[in-house]
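A structural walkthrough
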Amino acid sequence: RELDSAKNSPELVEKQKVGSGGKIVCRFPPEPNGYLHIGHAKAMFLDFGYAKKNGGDCILRFDDTNPEAENVEYINAIIEMVEWLGHKPAKITFSSDYFQELYELGRECIRRNKAYVCHQTQEEASSYREEKKDSPWRDRPIEESLSLFEDMKKGKFGEGEATLRLKIDMTSANPVMRDPVAYRIKFSSHPRTGNQWCIYPSYDFTHCLVDSLEWVTHSLCTLEFEVRRDSYYWLLEALDMYRPFVWEFSRLTLENTVVSKRKLIPLVKGGHVRGWDDPRLPTLVALRRRGFPPKAVNRFCASIGVSRADSVVGMHTVEWAVRSELDSTVTRAKAVLKPLKVTITNFEEEHTEVLQIPNHPQKESMGKHEQVLCKHVYVDETDFRMEDEKGYYGLAPGKTAMLRHAYPITVKEVLTDDEGIPEELLVVADTAKSTKPKGVLHWVSAAPFSAPAEIRLYDRLFKSAEVSDGTWLEDLNPESEKIVSSALVEKFVAEANVGDRFQFERVGFFVCDKDSTDEKKVFNLTVTLRDSYGG
Ligand code: ATP
Ligand code: MG
Ligand code: MG
């Protein structure tokens, strides 16, 4: 494979060296028609990573040749996410920066008898392609194509009335080689060039030429582009231009979700999620909102490696990376999702005891916070049962469990509502700590030592591991988001800022969401403490 790129003449190799300053040059070429997702994180990890490892440059290039789908919102969001992952583009470029040069190269192709203006409709062209038959316009005189191409540019044709096609080989076994379209007419305004152009270059025409114009040495892309490698090299050779080394890697596919803009766009536009940053999505803005540290995303990319083999990665792999990053860095705290009132009967009404709690059980350097214990506390209702059972360590009538960082408590009486649902536990605290119960429970004190919070729990977006193409929308998991609106958190947690992370002990890792208000903070589940996906 190295031979492909070695076919460059010594003169071209020399020119490339001058152009690139002798460096390795890679590029990451997103189309600004949506937000970046975790698949792009893999591509960036390789493009920026390969350049960095070799002391080279990586260009962030917007592949903006389909004006209808592209806009400035996407461009800005992409730049933000590239930075978020810690990548430093040597420069930011746009395929549209080269529209004039590309147009000249289109003319040069015609002059070299490597392109022609064609008037077949899309349907005609594709059926001719299937039958491996030449277009009737294929052999028209060079002069004619030159002037018709100019007419296309001047807007003298309607959309679909003319295309510029490369004259490759209509009999090729590779359908991409059967005279692909180089230019098509679109009367759409472009986010950067406005109405300056009504002809736009195709991916096949643009990608290789801009790679070469930017002196890219290593052009990495996903495997679906492998069939386009022949035309990539054909065009550069036809124009005597420098040929970068092309290498394909497998797309990232994640279980229980979709990692492709083609699928993410309908999810967002169809209102199936609340926006591009809905924490259930695998977009980078969503992962950030969900509390994934950028380091963990890169750690995940490193862990899956590069290969040409198609692989579907389980969600537990991502969660593993996130957990291993958060475990050693995040402050521990207490949050009670479903509060059950507990009154400690052997405490005075005004009992307040300030406990000094380490922010991390193993890392003293992370400091401490205060938690106040008073007469009225809350535990989670799932930590109480009317019937005790072997192997159950929570509370039950007569049973003892430990309030973490405080005292053992024993249930003396259960107050219930009319239907027998427990409403309050009357307990006695063993302030001498004479017993050491197995069960250790998280808890918070009543107001003002705790505050109400909304907790958003997330689960897989799709029910099936492999999301099928046809019926995929029916496969959406209706339980992918659960909102717990009456949780209680420790006082210091309620003072969090957006983006602050906590481990709520025995529950999971959480991050403070942008929907928070001063009255009520909102926390998103980043990951549970254990692997919830059975991997
Ligand atoms: P999508 O199907 O999501 O629209 P795309 O390839 O059209 O993908 P681009 O914005 O053009 O999206 O992609 C920029 C780069 O990211 C390309 O090099 C592409 O190969 C790579 N890329 C896109 N999706 C994935 C993925 N799931 N895994 C790895 N790389 C990806
Ligand atoms: Mg693309
Ligand atoms: Mg795409």
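Just so it is clear, the structure is predicted and the values come from calculations on it, not from any experiment. Starting from 1, residues in each chain are numbered consecutively following that chain's sequence as written. Chains and ligands are labelled sequentially in the order written, the chains with letters from A and the ligands with numbers from 1. Where totals are concerned, whole chains, interfaces and linings use all residues; where local detail is concerned, this predicted model gives features only for residues with pLDDT of at least 70, and gives and counts side-chain atom pairs only at 80 or more.

Okay, the overall build of the protein next. We count a stretch as a helix when DSSP gives it H or I for four or more residues in a row; a strand needs E for two or more, and each element gets its number in order from the N terminus. Within the protein one finds 14 helices and 27 strands. In this description the radius of gyration comes from C-alpha coordinates, and the expected globular size is given by 2.2 Å times residues to the power 0.38. Whereas a compact globule of 535 residues would reach a radius of gyration of roughly 24 Å, the protein reaches 31 Å, over 25% beyond that. The principal-axis extent of the C-alpha atoms belonging to the protein is close to 100 × 50 × 40 Å. Expressed as a percentage of the 535 residues in the protein, the buried residues total 40%. Placing C-beta atoms from the backbone, we regard two residues as in contact once those atoms come within 7 Å. Restricting the contact set of the protein to residue pairs at least 6 apart, pairs at least 24 apart contribute 69%. Here the C-beta atoms are placed from the backbone, and a residue counts as buried if at least 20 other C-beta atoms lie within 10 Å of its own, exposed if 12 or fewer do, and partly exposed otherwise.

Before going further, it helps to spend a moment on the sheet that holds strand β24 (residues 481–490). The pairing criterion for strands is at least two bridges between them, as found by DSSP. An order of β12-β25-β26-β27-β23-β24-β13 is seen for the seven strands of this open sheet, with the pairing classed as mixed. With partners counted over all chains shown, the strands left at the sheet margins are β12 (331–333) and β13 (335–336), one partner each. The sheet strands contacting helix α13 (residues 315–327) are β25 (501–504), β26 (508–512) and β27 (521–528), and the helix crosses β27 at an angle near 115°. To obtain an axis, a line is fitted to C-alpha atoms, over the contacting stretch when the element is a helix, and the angle between two such axes runs from 0 to 180 degrees between their N-to-C directions.

Our focus in this paragraph is the domain arrangement of the protein. For the purposes of this description, domain bounds are those given by an automatic or database domain assignment. Here the domain parsing of the protein yields domain 1 (2–249), domain 2 (250–331 + 451–535) and domain 3 (335–441). Each of domain 1 and domain 2 has a C-alpha centre, and the two are 35 Å apart. At the interface, 20 residues of domain 1 touch 23 residues of domain 2. Per-element tally for the side of domain 1 that touches domain 2: the top contributor is helix α3 (residues 38–53), with six residues.

Turning our eyes to something else, we now look at the nonpolar core. Counting 96 residues, the largest nonpolar core has Ala335, Tyr378 and Val379 as the members making the most contacts within it. The element contributing the most residues to this core is α3, with eight residues. Leave out the neighbours within four places in its chain, and alanine 335 touches Ala453, Ile455, Ala487, Leu488, Val489, Val493, Phe504 and Val507. For our purposes the nonpolar core covers buried Ala, Val, Leu, Ile, Met, Phe, Trp, Tyr and Cys residues that link as a set through C-beta atoms within 7 Å. Ranked by size, the runner-up nonpolar core spans 34 residues in total, among them Phe99, Leu166, Ala182 and Cys198.

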